[in-house]
Amino acid sequence: MANDSGSVGPSIARQAYGEELRIRREAAGHTQQSLSEAVVCSPSLIAHIEAGRRKPRASDAKRIDKELRTGGFFHRFLPTLDTLRVAAHFAQAAELQQQAICIQEYGSALVPGLLQTEDYARAIFRASWPNSTATDIDRHVVNRLERGRLLDNPDRPVMWVLLDECVLRRPIGGPSAMTKQLHHVAHLGRSGRVRLHVLPFSVGAHALLESMVTLMKFDDAAPVAYVEGLRTGRVHDDPATVAKCQTAYDLALSEALSSEASLAMIDAATEEYEHAC
């Protein structure tokens, strides 16, 4: 993939792709609404593709090609639209994060990527990609830290982070890395840039126990949910599915510690790691 600059504007390639879709759609006698119905997606997705703000999933592109009889054009040129150096299954979600006005994220086992520090991210990549070279690991770390610059903007996106207590207890990268990571998380919480809550072990079972989830809201598009597993991930834009994910998030959030109590727990965990250094 090309880069991970954090730019929110559409690239020239995406603008051209979107304009081509508009031309071929109109030539086929379709409105955005009728094309979305024919290829089973939302009208807002067609609008965003034509404006160069999003790229379709491969399955969507194939259905567009079939409906518009474009000989595989829209599927074939998908790789030219990539703008972020991230795992393929996360590419769409990474792009949407750049456009979101609100992100609500649940970290089931890890500090979410946008909040990760260098040593913490490096330890994750070393464990996940044991055969990678040092150069490969460095590149992954740089890309992740560049994505985190999204939070340099003090106004948007609004970000809520719900962390399972195990995120605080698993010593990823060792005590020193965890000390720096938790200091960073606490700083984001105390500065008001991120709203933090911790789900303590004492809660037991909760609505998000089975998976991580990221919920994203936008100025001019319907909300989406991103759910990820091992080497897999999917963006859901079906309103019913997104609503279910939002309900699960809200239920889990209702079980979490207050923001103040959560920061106190993070501070206590940080102190334990500091003493272990």
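So, how was this worked out
Residues numbered from 1 in each chain as written. Predicted model: local features only at pLDDT ≥ 70, side-chain atom pairs only at ≥ 80, totals over all residues. Heavy atoms only, no water. Core = buried A, V, L, I, M, F, W, Y, C linked by side-chain atoms within 4.5 Å. Buried < 20%, exposed > 50% of the residue type's maximum accessible area, 1.4 Å probe, protein only. Helix = DSSP H or I, 4+ residues; strand = E, 2+ residues; numbered from the N terminus. Contact = heavy atoms within 4.5 Å. Expected span 1.5 Å × (residues − 1). Arc of directions from axis to C-beta. Axes fitted to C-alpha atoms, helices over the stretch in contact; angles between N-to-C directions. Parallel < 35°, antiparallel > 145°, perpendicular 65-115°, else oblique. Left-handed = near helix turned anticlockwise from the far one by under 90°. Pairing = 2+ DSSP bridges. Salt bridge = Lys/Arg side-chain N within 4 Å of Asp/Glu carboxyl O.

Trainee: Looking at this structure, how should I read the nonpolar core?
Mentor: The tendency in soluble globular proteins is for nonpolar side chains to be buried as a group. Counting residues in each nonpolar core, the largest one holds 39 residues, and the members touching the most others are Leu-115, Met-159, Leu-168, Met-216 and Ile-266. Of all elements in the fold, only α6 (91–99), α7 (118–128), β2 (158–164), α9 (165–169), α10 (174–191), β3 (194–199), β5 (224–229) and α12 (259–276) reach the threshold of two or more residues within this core. In this view, Leu-115 contacts Leu-151, Met-159, Val-161, Gln-181, His-184, Val-185 and Leu-188; residues no more than four positions away in its chain are not counted. Counting 15 residues, the second largest nonpolar core, distinct from the first, contains Ala-61, Leu-68, Phe-73 and Phe-74.

Trainee: Please clarify how α12 should be interpreted in this entry.
Mentor: Because an α-helix completes one turn every 3.6 residues, residues spaced three or four positions apart along the sequence face the same direction. Counted at 1.5 Å a residue, the expected span for α12 with its 18 residues is 26 Å, and the 26 Å between its end C-alpha atoms agrees. Regarding α12, the residues found buried are Ser-259, Ser-262, Leu-263, Met-265, Ile-266, Ala-269, Thr-270 and Tyr-273. The buried residues of α12 occupy one face: seen down the axis, they fall within an arc of 160 degrees. In α12, the exposed positions angled more than 90 degrees off the buried face are occupied by Glu-260, Glu-272 and His-275. Of the surrounding secondary structure, the elements contacted by the buried residues of α12 are α9, α10 and β3.

Trainee: Explain unusual backbone geometry to me, please; I cannot follow it from the model alone.
Mentor: A negative phi angle is the norm for most residues apart from glycine, just as the trans form is the norm for most peptide bonds. Following Arg-156, the chain continues to Pro-157 via a peptide bond in cis, the omega torsion being 0 degrees. When you line up the elements, Pro-157 lands in the loop between α8 (134–148) and β2. With a phi close to 55 degrees, Arg-69 is a non-glycine residue in the positive phi region. Within the element layout of this structure, Arg-69 appears in the loop between α4 (58–68) and α5 (73–76). Since its relative accessible area comes to 78%, Arg-69 is described here as exposed.

Trainee: It is not clear to me how the packing of α10 against α12 should be interpreted in this structure. Could you clarify?
Mentor: Axis separation between α10 and α12 bottoms out at 8 Å; the angle between their running directions is 155 degrees. In terms of orientation, α10 lies roughly antiparallel with respect to α12. α12 is crossed by α10, and the crossing has left-handed handedness. Together, Pro-175, Met-178, Thr-179, Leu-182, His-183, Val-185, Ala-186, Gly-189 and Arg-190 of α10 and Leu-263, Ile-266, Asp-267, Ala-269, Thr-270, Tyr-273, Glu-274 and Ala-276 of α12 make up the contact between the two elements.

Trainee: Before we go on, may I ask you to explain the pairing of strand β4 (residues 212–217) in this structure?
Mentor: Along β4, 5 of the 6 residues are buried, which leaves the element largely enclosed by surrounding structure. Here strand β1 (residues 102–107) pairs with β4 via 5 bridges, running antiparallel. Bridge pairing links Tyr-106 to Val-213 in β4. Here β4 pairs with β5 via 5 bridges, running antiparallel. Residue pairing in the sheet places Val-213 in a bridge with Val-227 of β5. Between the end of β4 and the start of β5, which pair antiparallel, lie 6 residues.

Trainee: What is the right way to look at the pattern of salt bridges in this model?
Mentor: Opposite charge on two side chains lets them pair, provided their charged atoms get close. Enumeration over the complete set of coordinates arrives at 16 salt bridges. Among the salt bridges present, the one from Arg-63 reaches Asp-60, with a minimum N-O distance of 2.6 Å. Note that Arg-63 and Asp-60 are positioned in helix α4 at a spacing of 3 residues, about one turn of the helix. Under the relative-accessibility criterion, Asp-60 is labelled buried at 3%. Where salt bridges share partners, they join Glu-19, Arg-22, Arg-25, Glu-26 and Glu-50 into one cluster.

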